[in-house]
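These are the residues of each chain, in order.
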Amino acid sequence: MAVWCVAAGEIAETSIETHFNFWRIAGDEAFKGKEPDNPAKDFLEIGVLVTNPKPLQKICFYLPVKVGKNDIDDAGARLANTSVAQGIFNEQLNCVTTPAPERIELRTGDKLFCKVHKFIINGGTIDAAHMGVTEFADGTLVTIEKDALDSVCVDLNDGERVYFRIRVYLQNGKDSPFIRVITPADWRFQSGFEEIAYIDFRLNELRTLPARVENRMRADEAERKVPISLVAFLTAFPVHSNVSSSSAQSHKNRLLENNPWSEYVASGIPRGMVVYHWKKIGKDGMGVSDFSSFVKLHTRRSGRKIVLTYLAVAFLFGLIGNLTANWFTSYFQGESNTEQNLVVGEEAPKEP
């Protein structure tokens, strides 16, 4: 993945914090969600907390997967729920929704913590004037446009912050760019098995980005590169999955509370999900240039479908084994009888 800004004017006081949350909802195969006809999907949430955003013209994200406008929701609107806002920022906050333009103000006492942008929805999707979604370099380029920035910056004072948060739904399966699943080839011969999955999250690693993305970043940033002061990566997955290895020590981990997070996701969430959190902070006035996190998970898979498959395979093997044994028995008995007949025929006395 990649994130960068297009800026104009003085950006000495401008910086961004980036928050990436990968929700492994589909990791629990027994979880059907609130709507069985609409299966639960994994999703990625991207949040950007911007200090002094007025010089910004665009905020750009490159996703290494093709998604459409229908796959992207405004997650910032959910921060009107105080419990959700406090859970995301880990701060004691008050939430106030203001009209014209409609936005959410998060406050700590009388002090503004940040203003959360609410995207304009047009025809069920985010309006193109506020967000652009285009195919780019075998993936997707998502841009928060100038109209969205101008809207949330109304009556914003110097040094104050604004926040954008979007949710990107991902197709379930083994081809997700954010998680890869390895199932043992002999799983049909077992009543239960260990499945391996790994999450390989990389941000702004130039050696792994497509050349078109790298060139676009350099052209857009030119001589005005807005620093990333913090990168936070959080992943939530069902509790029956165990972390067997990680590339870095997690900042913290906890069991996810069912309330308010079950309502935060339309499908609901499996009961008992674990959250792991990593972060990297820029030091000595320097921004974070890149970030990576590798997590390996082990999940014990078993259940009615797996057991029935195992029994069916065992039955077929038993049936084939019995048929093969009977054939060999019949074959060798036939050979033995033929040899006996030949011997008897040779030794029989001739009639006078």
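All values reported here derive from a predicted model rather than from experimental measurement.

Caption draft 1: Examining the overall build of the chain more closely. A count of helical and extended segments in the chain gives five helices and 20 strands. Evaluated residue by residue, the chain yields a buried proportion of 43% over its 352 residues. Here the chain displays about 18,900 Å² of accessible surface, and carbon together with sulfur accounts for 50% of that area.

Caption draft 2: Representation of the packing of aromatic side chains. For the structure shown, the criterion picks out 15 aromatic pairs. With a centroid separation of 4.4 Å and an interplanar angle of 10°, the aromatic rings of Phe201 and Phe233 are classed as stacked. Taken together, the residues span a long stretch of sequence, with Phe201 in strand E15 (residues 192-203) and Phe233 in strand E16 (residues 228-238) at a distance of 32 residues. Since its relative accessible area comes to 2%, Phe201 is described here as buried. The buried category is assigned to Phe233, whose relative accessible area is 1%. Aromatic ring contacts, followed pair by pair, group Phe20, Phe201, Phe233, Phe237, Tyr276, Trp278 and Phe291 into a single cluster. One Lys or Arg, Arg167, reaches over the ring of Tyr264 and ends 4.8 Å from the middle of that ring.

Caption draft 3: View of unusual backbone geometry. Omega for the peptide link from Asn259 to Pro260 comes to 15°, which places this bond in the cis form. Looking at the element boundaries, Pro260 is found in helix H4 (residues 258-264). Here the phi dihedral of Ala137 falls at roughly 50°; this positive angle occurs in a residue that is not glycine. With respect to the helices and strands, the residue Ala137 is situated in the loop between strand E11 (131-136) and strand E12 (139-144). Residue classification places Ala137 among the buried residues on the basis of a relative accessible area of 11%. Of note in this structure, Asp138 is not a glycine but carries a positive phi near 60°.

Caption draft 4: Fine view of the nonpolar core. Residues Met1, Phe20, Ile59, Leu63 and Phe164 are the most contacted members of the largest nonpolar core, which totals 54 residues. Setting aside its immediate chain neighbours within four residues, Phe164 contacts Ile46, Gly47, Val48, Ile59, His117, Phe119, Ile144, Ala148, Leu149 and Val152. Grouped together as the second largest cluster of nonpolar side chains are 27 residues, Leu49, Cys114, Ala236 and Val275 included.

Caption draft 5: Examining the pattern of salt bridges more closely. Evaluated as defined, the whole model comprises 14 salt bridges. Notably, a salt bridge pairs Asp42 with Arg24, separated by 2.7 Å at the nearest N-O pair. Linking Asp42 in the loop between strand E2 (15-23) and strand E3 (43-51) with Arg24 in the loop between E2 and E3, this pair joins segments that are 18 residues apart in sequence. The exposure classification of Asp42 matches that of Arg24, with both residues buried. Across the pair Glu135 and Lys66 runs a salt bridge, and its minimum N-O distance is 3.9 Å. Separated by 69 residues along the polypeptide, Glu135 in strand E11 and Lys66 in the loop between strand E4 (56-63) and strand E5 (72-74) bring together distant segments of the chain. In this structure, Glu135 and Lys66 share a single accessibility class: exposed. In this structure, a network of salt bridges that share partners links the residues Asp200, Arg202, Glu205 and Arg207.

Parameters at a glance
- Residues numbered from 1 in each chain as written.
- Predicted model: local features only at pLDDT ≥ 70, side-chain atom pairs only at ≥ 80, totals over all residues.
- Heavy atoms only, no water.
- Helix = DSSP H or I, 4+ residues; strand = E, 2+ residues; numbered from the N terminus.
- Buried < 20%, exposed > 50% of the residue type's maximum accessible area, 1.4 Å probe, protein only.
- Areas by Shrake-Rupley, 256 points an atom, 1.4 Å probe, with all protein chains shown as cover.
- Phe/Tyr/Trp six-rings, centres within 6.5 Å; stacked < 30°, edge-to-face > 60°.
- Lys NZ or Arg CZ within 6 Å of the ring centre and 35° of its normal.
- Core = buried A, V, L, I, M, F, W, Y, C linked by side-chain atoms within 4.5 Å.
- Contact = heavy atoms within 4.5 Å.
- Salt bridge = Lys/Arg side-chain N within 4 Å of Asp/Glu carboxyl O.

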